[in-house]
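Listed below are the residues making up each chain.
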Amino acid sequence: MPNHTNNLPIFIVRAVDALALFGGAILVLVVLVNVLATLLNALTIGFAGDFELTEMGIAITVFCFLPLCQRDGAHVAADIFTQGLGAGVRTFLQHIATFISLLIALMLLWRMSYGFIDQWQYGYQTAILQLPHWAAYVPILLALLLWSVVALLQLMSIFRKPNNV
């Protein structure tokens, strides 16, 4: 796998790593909440709001890993169809995929920002724990912004190369 971090500023590389670690920590917390909820339910004590915490935590976690996937070129790919093509064609297709990834990241950032504003203005909360919905949008929007920046910087590095395909 090629090293995709060469053309990125070190602070972007570190921000991507930090966000992925944050997402991993949230995932560990979600697992712990589910283990605790299962144990308490087995003791017929119950754990109010475990579904809400799981739902918000998993949503945040998924978005936190998207910049890392972009940076490392680890998004889903159908290499079985392109493995027989020449290196130049595969590179060209990878550039197109990076451009499409940028468009998707920007579209999600745009639409999710409206979702954040709506959740903020209307004060929506979860049913049991009364957690504000907008709180989950903050790390998600940051992740989408970072994903967009990584994809944009990768595209810009393509055009700076003297021998681009």
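Rules behind the numbers
Residues numbered from 1 in each chain as written. Predicted model: local features only at pLDDT ≥ 70, side-chain atom pairs only at ≥ 80, totals over all residues. Heavy atoms only, no water. Helix = DSSP H or I, 4+ residues; strand = E, 2+ residues; numbered from the N terminus. Buried < 20%, exposed > 50% of the residue type's maximum accessible area, 1.4 Å probe, protein only. Contact = heavy atoms within 4.5 Å. Lys, Arg positive; Asp, Glu negative; His and termini not counted. Charge placed at Lys NZ, Arg CZ, Asp CG, Glu CD. Phe/Tyr/Trp six-rings, centres within 6.5 Å; stacked < 30°, edge-to-face > 60°. Expected span 1.5 Å × (residues − 1). Axes fitted to C-alpha atoms, helices over the stretch in contact; angles between N-to-C directions. Parallel < 35°, antiparallel > 145°, perpendicular 65-115°, else oblique. Nonpolar A, V, L, I, M, F, W, Y, C, P; charged D, E, K, R; others polar.

Enquirer: Explain the overall build of the protein chain to me, please; I cannot follow it from the model alone.
Expert: Within the protein chain, the regular secondary structure consists of five helices and zero strands. C-alpha atoms of the protein chain, sized along the principal axes, occupy 65 × 35 × 30 Å. In the protein chain, buried positions account for 33% of the 165 residues. Relative to all contacts within the protein chain whose residues are 6 or more apart in sequence, the contacts with residues 24 or more apart total 76%. Taking the average place of the 6 positive charges on the side chains of the protein chain and the average place of its 7 negative ones, the gap between the two points comes to 20 Å.

Enquirer: Got a minute to help me understand unusual backbone geometry in this structure?
Expert: Comment: phi is negative for the bulk of residues other than glycine, and the bulk of peptide bonds are trans. Despite not being glycine, T44 has its phi angle at roughly 55 degrees, a positive value. The backbone phi angle of Q130 is positive, close to 60 degrees, even though this residue is not glycine. Q130 sits in the partly exposed class, given a relative accessible area of 41%.

Enquirer: I would appreciate a short explanation of the packing of aromatic side chains in the present structure.
Expert: How two aromatic rings sit relative to each other is given by the distance of their centres and the angle of their planes. Evaluation of the coordinates by the stated rule reveals six aromatic pairs. With 6.4 Å between their ring centres and 75 degrees between their planes, W110 and Y114 make a pair best called edge-to-face. On the criterion of helical spacing, the pair formed by W110 and Y114 is a turn pair, its members being four residues apart in helix α4 (residues 87-122). On the basis of relative accessibility, which here comes to 44%, the residue Y114 falls in the partly exposed class. Pairing F116 with Y137 gives two aromatic rings, centres 6.5 Å apart and planes at 50 degrees, and the pair type is tilted. Of the two residues, F116 is situated in helix α4 and Y137 in helix α5 (residues 134-160); the sequence distance between them amounts to 21 residues. Judged by relative accessible area, which is 21%, F116 ranks as partly exposed. Feature note: the residues F116, W120, W134 and Y137 constitute an aromatic cluster, connected by ring pairs.

Enquirer: Quick question: what am I supposed to make of the environment of T82 here?
Expert: Mapped onto the secondary structure, T82 falls in helix α3 (residues 79-82). Between the C-alpha atoms of T82 and L68, which are 14 residues apart in sequence, the distance is 23 Å. Once residues within four sequence positions are removed from consideration, T82 is found in contact with R90 and L93.

Enquirer: Is there a simple way to think about helix α1 (residues 10-42) in this case?
Expert: Given 3.6 residues to a turn, an α-helix orients residues that are three or four positions apart in the same direction. The terminal C-alpha atoms of α1, which comprises 33 residues, lie 48 Å apart, in line with the 48 Å expected from a rise of 1.5 Å per residue. Within the span of α1, buried status applies to I12, V13, V16, L19, A20, G23, I26, V30, V33, A37 and L40. At the C-terminal side of α1, T44 shows a positive phi close to 55 degrees.

Enquirer: Explain the packing of helix α2 (residues 50-72) against α5 here, please?
Expert: Geometry of a packed helix pair, given as the angle between the helix axes and the separation of the axes. The N-to-C vectors of α2 and α5 enclose an angle of 10 degrees; their axes lie 8 Å apart at closest approach. One element, α2, and the other, α5, form an angle in the roughly parallel class. On the side of α2, the interface is formed by M56, A59, I60, F63, C64, L66, P67, Q70 and R71, while α5 contributes A136, P139, I140, A143, L144, L146, W147, V150, A151 and Q154. When the residues that make up the contact of α2 with α5 are grouped by side-chain class, the tally is 16 nonpolar, two polar and one charged.

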